[in-house]
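Residues per chain, in single letters:
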Amino acid sequence: MNHFSYQDGRLHAEDVDLAALADAVGTPFYCYSTATLERHYRVFAEAFPKGTLIAFAVKANGNLAVLKTLAKLGAGADVVSSGELKKALAAGVPANKIVFSGVGKTKAEMRVGLDAGIYQFNVESEPELEALNEVSGSAGKRAPVSIRVNPDVDARTHAKISTGKAETKFGIPWSRAQQAYALAASLKNIEITGVDVHIGSQITQLAPFEAAFTRVVELVGVLRGAGHSITRIDLGGGLGVPYRIDNAPPPEPAAYGAMAAQLTKGLNTQLILEPGRLIAANAGVLVTRVIYVKSGERKHFLIVDAGMNDLLRPALYDAHHDIVPVREAQPNDPRERYDVVGPVCETSDIFAADRDLPRLKDGDLVAILTAGAYGAVMSSAYNVRPPAPEVLVKGGEWAVVRPRMDDDALLATDRIPGWLEA
Ligand SMILES: *Cc1c(COP(=O)(O)O)cnc(C)c1O
């Protein structure tokens, strides 16, 4: 469910006409819907027992305005760098709702988390435990820690976003989990709080989650038996979203929450969830204008003004995004098969191959759907292209929440060393 729909023949974000918005802010641009973000957050939060911490995965969409929208609803944050941590704090997420994940936290980043007083560190290796112990000792603190365990389950998702198999870099191997907890307990400046697991992203079945959570629940029993105090279970993120309108929808949050609640019933632990994609993906679109329609020998290319530097997912993961015209197509409009491509000088700069669309011409607008997660956050200035700006809509209002840099501002980021100055 999202709040992008046709009204008076044109695609709107809530009550804002995307064609008018394109004229006002220029193309390409990301557009996020407040009502959709809020709805997704609420539906997800309501699916879990009271007291569950819903820590939005900032890496999915780190725009301050998006984070603030969620923070106002009570969301916490799952961060993977000190930069994300500072953004979450700046957006009003209280430190005691922030969890710090990631395999490569530096000591400097740990210090930022400790000084802020975050809720917990999700630690992914023994050397990280030792480093955190050292940093928290020198800060005169004890670091709250959940250890991320790798349950060695197949998430049945794209290999590049699968994290719960033994051969990925994530988490402590299942066979060493108990030793890792023993190590943590022996470290003076570490306070064990719970267990953490995250098996991947865009997971469209409950079975892999269920397999992982079942293992985690068993581990909680074993760890408690060994005298560790386990008061929280962080189940990670990863519930998928429908990228194709015509595919079977992924499981509902309610079913996911009921499964998690059932498995952890009686353990008397707080649950933590780290959804990213599920909250943000369908709350955003990337609006782009057709620059040229080019006919090759075998194909028609729709060359649009957004590129892989704006939205990397198709190039990186072969991801599918539905694409729709901003002007509503009529049933009898002629149709055409297009490769929808960007201007970047890479063959992988393609948003869709052989896509059936109403016939389009230069100047027409299209919206690339389900682009609110892992979209703008992954953008770059490759080809010295200023990344697409971001706009947040609320009802009939809109605001640019990250402006477009101009070419000169991009140019001004480089420096000439002294020996090249004449
Ligand atoms: C990426 C990530 C998430 C968010 O995953 P989604 O699929 O966007 O819900 C949560 N936790 C961790 C540790 C992650 O790396």
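Residues numbered from 1 in each chain as written. Predicted model: local features only at pLDDT ≥ 70, side-chain atom pairs only at ≥ 80, totals over all residues. Heavy atoms only, no water.

Colleague: Would you take a moment to explain the domain arrangement of the protein chain for this structure?
Modeller: How big an interface is tends to be stated in terms of the accessible area lost upon association of its parts. Domain boundaries in the protein chain define domain 1 (4-31 + 281-411) and domain 2 (102-273). Of note, the centres of domain 1 and domain 2, computed from C-alpha atoms alone, are 36 Å apart. Taken together, the contacts link ten residues of domain 1 with nine residues of domain 2. A per-residue breakdown of the area domain 1 buries against domain 2 is headed by Tyr 317, His 320 and Asp 322, which together make up 49% of the total. (Domains from an automatic or database assignment. Contact = heavy atoms within 4.5 Å. Buried area = accessible area lost by both parts, 1.4 Å probe.)

Colleague: Quick question: what am I supposed to make of empty space enclosed by the protein here?
Modeller: If a probe as big as a water molecule is rolled over the atoms, it shows which places are left empty. By the definition in use, this model includes one cavity of 30 Å³ or more. Volume-wise, the largest cavity comes out at about 40 Å³. Lining the largest cavity we find Phe 44, Gly 237, Gly 238, Leu 239, Tyr 256, Pro 275, Gly 276, Arg 277 and Leu 278. Per-class residue counts for the lining of the largest cavity are five nonpolar, three polar and one charged. (1 Å grid on protein atoms, 1.4 Å probe; cavity = no way out; pocket = protein on both sides within 12 Å on 5 of 7 lines; lining within 4 Å. Points joined across faces, edges and corners; volume = space filled by probe spheres on them. Nonpolar A, V, L, I, M, F, W, Y, C, P; charged D, E, K, R; others polar.)

Colleague: I tried to follow the side chain of Asn 309 on my own but got confused; where do I start?
Modeller: Along the chain, Asn 309 turns up in the loop between strand E15 (300-304) and helix H11 (313-317). Among the residues examined, Asn 309 registers a relative accessible area of 1% and is labelled buried. (Helix = DSSP H or I, 4+ residues; strand = E, 2+ residues; numbered from the N terminus. Buried < 20%, exposed > 50% of the residue type's maximum accessible area, 1.4 Å probe, protein only.)

Colleague: What is the right way to look at the layout of surface pockets in this model?
Modeller: In this structure, the largest pocket occupies an estimated 770 Å³ of space. Along the walls of the largest pocket sit 32 residues, with Met 1, Asn 2, His 40, Pro 242 and Asn 282 positioned nearest its centre. Listed by contribution, the elements that provide at least two residues to the lining of the largest pocket are strand E1 (4-7), helix H2 (34-46), strand E14 (284-295), strand E16 (323-325) and strand E18 (350-358). Domain assignment of the residues forming the lining of the largest pocket places at least three in each of domain 1 (4-31 + 281-411) and domain 2 (102-273). In this structure, the second largest pocket encloses a volume near 560 Å³. Together, 28 residues line the second largest pocket, and Lys 59, Val 80, Thr 163, Phe 170 and His 198 are the ones closest to its centre. For the lining of the second largest pocket, the class distribution of residues is nine nonpolar, ten polar and nine charged. Both domains that meet at the lining of the second largest pocket, namely domain 1 (4-31 + 281-411) and domain 2 (102-273), each give it at least three residues.

Colleague: Could you clarify how one ought to interpret the pattern of salt bridges in this entry?
Modeller: When charged atoms on two side chains of opposite charge get close, those side chains can pair. Tallying each qualifying case throughout the model produces 16 salt bridges. In this structure, Lys 299 and Asp 339 form a salt bridge, with 3.2 Å as the shortest nitrogen-oxygen distance. Residue Lys 299 is located in the loop between E14 and E15, and its partner Asp 339 is located in strand E17 (residues 335-341); the two are separated by 40 residues in the primary sequence. When its relative accessible area of 6% is taken as the criterion, Asp 339 is described as buried. Put simply, Glu 336 and Arg 359 hold a salt bridge, and the shortest N to O gap is 3.1 Å. In this pair, Glu 336 sits in strand E17 while Arg 359 sits in the loop between E18 and strand E19 (365-368), placing the two residues 23 residues apart along the sequence. You can call Arg 359 partly exposed: its relative accessible area is 49%. Overlapping salt bridges, with partners in common, bring together Arg 111, Asp 115 and Lys 141 in one network. (Salt bridge = Lys/Arg side-chain N within 4 Å of Asp/Glu carboxyl O.)

Colleague: Whenever I open this one, the sheet that holds strand E2 (residues 10-13) confuses me. Can you help?
Modeller: Sheets are built from strands that pair by backbone hydrogen bonding, the pairs being arranged parallel or antiparallel. Read from one edge to the other, the open sheet built from three strands follows the order E1-E2-E3, with strand pairing classed as antiparallel. Here the strands that pair on one side only, and so sit at the sheet edges, are E1 and strand E3 (16-17). Relative to E2, E1 is paired through four bridges, and the arrangement is antiparallel. Bridge assignment links Ser 5 to a residue of E2, and that residue is His 12. (Pairing = 2+ DSSP bridges.)

Colleague: How should I be thinking about the site of the ligand in this particular structure?
Modeller: Of all residues adjacent to the ligand, which total 14 residues, the nearest are Lys 59, Ser 201, Glu 274, Arg 277 and Tyr 374. Separating a nitrogen atom of the ligand from a side-chain N or O atom of Glu 274 is a distance of 2.5 Å. One nitrogen or oxygen atom from the main chain of Arg 277 is found 2.7 Å from an oxygen atom belonging to the ligand. Relative to its unbound accessible area of 390 Å², the ligand is 93% covered by the protein chains. (Near = heavy atom within 4 Å. Polar contact = N/O pair within 3.5 Å; in protein donor to acceptor, adjacent residues only side chain to side chain. Areas by Shrake-Rupley, 256 points an atom, 1.4 Å probe, with all protein chains shown as cover.)

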